[in-house]
Amino acid sequence: MSATPRRRWGLGARLLAAIVAVILVAAATAWAVAAAIGPEIFHDHMLMAEPADSSVVSHAEEAFTTAWTLSLSLALLAALLTSVVVSVFLTRRIARSLEGVRQAAARVASGDYAARVPDVHMGGEFDDLAGAFNTMAADLGEIEQTRTRMLGDLAHEMRTPVATLDGYLEGILDGVVTADEPTVGMLREQVARLARLAQDITLVTAAGEGRLSMHWQALQVGALLDDAAAQAAARFTDKGVELRVEATEEARQTVLTADPDRLGQVLTNLLDNAVRHTPQGGRVQLEAQRAGSTLRLSVRDSGSGIAAEHLPHLFERFYRADAARDRAHGGSGIGLAIVHSIVHAHGGAVTATSPGPGHGALFTVDLPVVADTRPGHRSP
Ligand SMILES: Nc1ncnc2c1ncn2[C@@H]1O[C@H](COP(=O)(O)OP(=O)(O)OP(=O)(O)O)[C@@H](O)[C@H]1O
Ligand SMILES: [Mg+2]
């Protein structure tokens, strides 16, 4: 059972009541002061004039009282009326401005993130309030857009493996397809794809919300490079692409405070992309150099390259330069978003460059070597 909300006074009425109360108090004070001082002073002056007849004094004092009571009453009444008129005008203006905020807030609450508070020039505080509100509405709109796009992309990514699983299972049930080793292997591959998708999304979402768990450790760059190369070796051999590690001794000896598994994932994702986009006979280089307090890790390939218009978007979730071809490779466009999140969690930056399609690509990760510049860093 919902109780009917008690009708409360509006801001305009409250302001007006407050102003009237102030005026009444001011009028009463003025009256009290005039009543206390005026007749006294008048009386003293009358006595100083030494009138022959005392009835003249009482008559004059009576006349004075009537005169000041009447004139002060009329003056205060006029002041009260004009003040109320001015106050009504002012409170209406304030109430109108707040009504703009209320309407905009109601529109945002109902999902219309394009709603904005109009400019009303009501002073700095109000402009700040309106500015903060408009920024909030714009941010909410952006979040909503990303959310809708991500849900759409996610549904899209799930559709292919789910449809494949469904088709094969139906075939097996109908006896059209035999559940032999290759078929089961294929089904397991689709399940693994869905599982990886769920894992990747959990990771980027956690990173986006700033709750990516990090296990900081002292990590020698040489070991990081060798591990990543060893892990990727089989894929390179299978595809017939050469993988070279080129690191200066200074870079190899550098010790980072990092999460070894996560940085390993960064290199794995970059190497995975490189081998995927490099044709047989091509070459991929994993490089490391030290420049002052920065360690630069690069993955350079001689593969299909990336057109300039795609470069600014590569690190966005679900972005693929060639959706059909990349999806056929099993990619869902999250790998580089994960790379971006992990590198940022290490206080670093990642960039992608390419001279254009057919001319290879270069991904560069810059990491700070000074441990305590890292956000959220705790010494191991
Ligand atoms: N070395 C590269 N050469 C050419 N294009 C690349 C390279 N690395 C990435 N790309 C392009 O950037 C897109 C995004 O890469 P990302 O790693 O995020 O996704 P993916 O590899 O398609 O899928 P996932 O990594 O989630 O399996 C790729 O789809 C591809 O179009
Ligand atoms: Mg990838």
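Only a predicted model underlies this, so the values are computations on that prediction, with no experimental measurement involved.

Calculation notes
- Residues numbered from 1 in each chain as written.
- Chains lettered and ligands numbered in written order.
- Predicted model: local features only at pLDDT ≥ 70, side-chain atom pairs only at ≥ 80, totals over all residues.
- Heavy atoms only, no water.
- Salt bridge = Lys/Arg side-chain N within 4 Å of Asp/Glu carboxyl O.
- Helix = DSSP H or I, 4+ residues; strand = E, 2+ residues; numbered from the N terminus.
- Buried < 20%, exposed > 50% of the residue type's maximum accessible area, 1.4 Å probe, protein only.
- Domains from an automatic or database assignment.
- Pairing = 2+ DSSP bridges.
- Axes fitted to C-alpha atoms, helices over the stretch in contact; angles between N-to-C directions.
- Contact = heavy atoms within 4.5 Å.
- UniProt positions renumbered as here; feature names shortened; annotations may be inferred.
- Expected span 1.5 Å × (residues − 1).
- Bend = angle between axes of the 7 residues up to and from the residue.
- Phe/Tyr/Trp six-rings, centres within 6.5 Å; stacked < 30°, edge-to-face > 60°.

Within the structure shown, the criterion is met by 13 salt bridges. The residue Arg 235 makes a salt bridge to Asp 272 at a minimum N-O spacing of 2.9 Å. On the criterion of sequence distance, the pair formed by Arg 235 in helix 5 (residues 221-239) and Asp 272 in helix 7 (residues 260-276) is long-range, its members being 37 residues apart. A relative accessible area of 30% places Arg 235 in the partly exposed class. Linking Arg 283 and Glu 242 is a salt bridge whose minimum nitrogen-to-oxygen distance equals 3.8 Å. Here Arg 283 is found in strand 4 (residues 283-291), whereas its partner Glu 242 is found in strand 2 (residues 242-247), with 41 residues between them in sequence. The exposure class of Glu 242 is partly exposed, given its relative accessible area of 38%.

In this section: the domain arrangement of the protein chain. The parts lose accessible area when they come together, and the size of an interface is often stated as this lost area. On domain assignment, one finds that the protein chain holds domain 1 (11-112), domain 2 (130-208) and domain 3 (217-373). When each unit is reduced to the centre of its C-alpha atoms, the spacing between domain 1 and domain 3 is 78 Å.

This brings us to the sheet that holds strand 4. Spatially, the five strands line up as an open sheet ordered 2-4-5-7-6, and their pairing is mixed. A single partner strand is all that each edge strand has here, and the edge strands are strand 2 and strand 6 (349-353). Between one strand axis and the next, the sheet turns by 15° as a mean value, whatever way the strands run. Both strand 6 and strand 7 (residues 361-368) contribute to a ladder of five bridges, which runs antiparallel. Among the inter-strand pairings, Thr 353 is bridged to a residue of strand 7, identified as Leu 362. Along the sheet, helix 7 contacts strand 2, strand 4, strand 5 (294-301) and strand 7; its crossing angle with strand 5, the most-contacted strand, is approximately 25°.

Per the UniProt annotation, the sites labelled "domain: HAMP" (unreviewed entry) are residues 92-145. In the segment residues 92-145, helix accounts for 74% and strand for 0%; the C-alpha atoms at its two ends are 37 Å apart.

Spanning 38 residues, helix 1 (residues 11-48) covers 55 Å between terminal C-alpha atoms, matching the ideal 56 Å at 1.5 Å per step. Of all the bends in helix 1, the largest measures some 25° and sits at Ala 34. What helix 1 keeps buried is the set Ile 23, Ala 27 and Met 46. Of the residues flanking the end of helix 1, it is Glu 50, one or two places downstream, whose phi is positive at about 45°.

What follows concerns the side chain of Gln 190. Relative to the assigned elements, Gln 190 resides in helix 4 (residues 181-208). Its relative accessible area of 9% is what places Gln 190 among the buried residues. Non-local contacts of Gln 190, meaning those with residues more than four positions away in its chain, are made with Pro 161, Thr 164 and Leu 165.

Turning next to the packing of aromatic side chains. Scanning all chains against the criterion turns up three aromatic pairs. The interplanar angle of 55° and the centroid separation of 5.3 Å between the aromatic rings of Trp 31 and Trp 68 together place this pair among those described as tilted. With a gap of 37 residues between them, Trp 31 in helix 1 and Trp 68 in helix 2 (residues 54-109) connect regions that are remote in the sequence. Classification of Trp 31 by relative accessible area gives partly exposed; the value is 31%. For the pair Phe 315 and Phe 363, a centre-to-centre distance of 6.4 Å together with 75° between the ring planes defines the contact as edge-to-face. Note that Phe 315 is positioned in the loop between strand 5 and helix 8 (323-328) and Phe 363 in strand 7, a separation of 48 residues in sequence.

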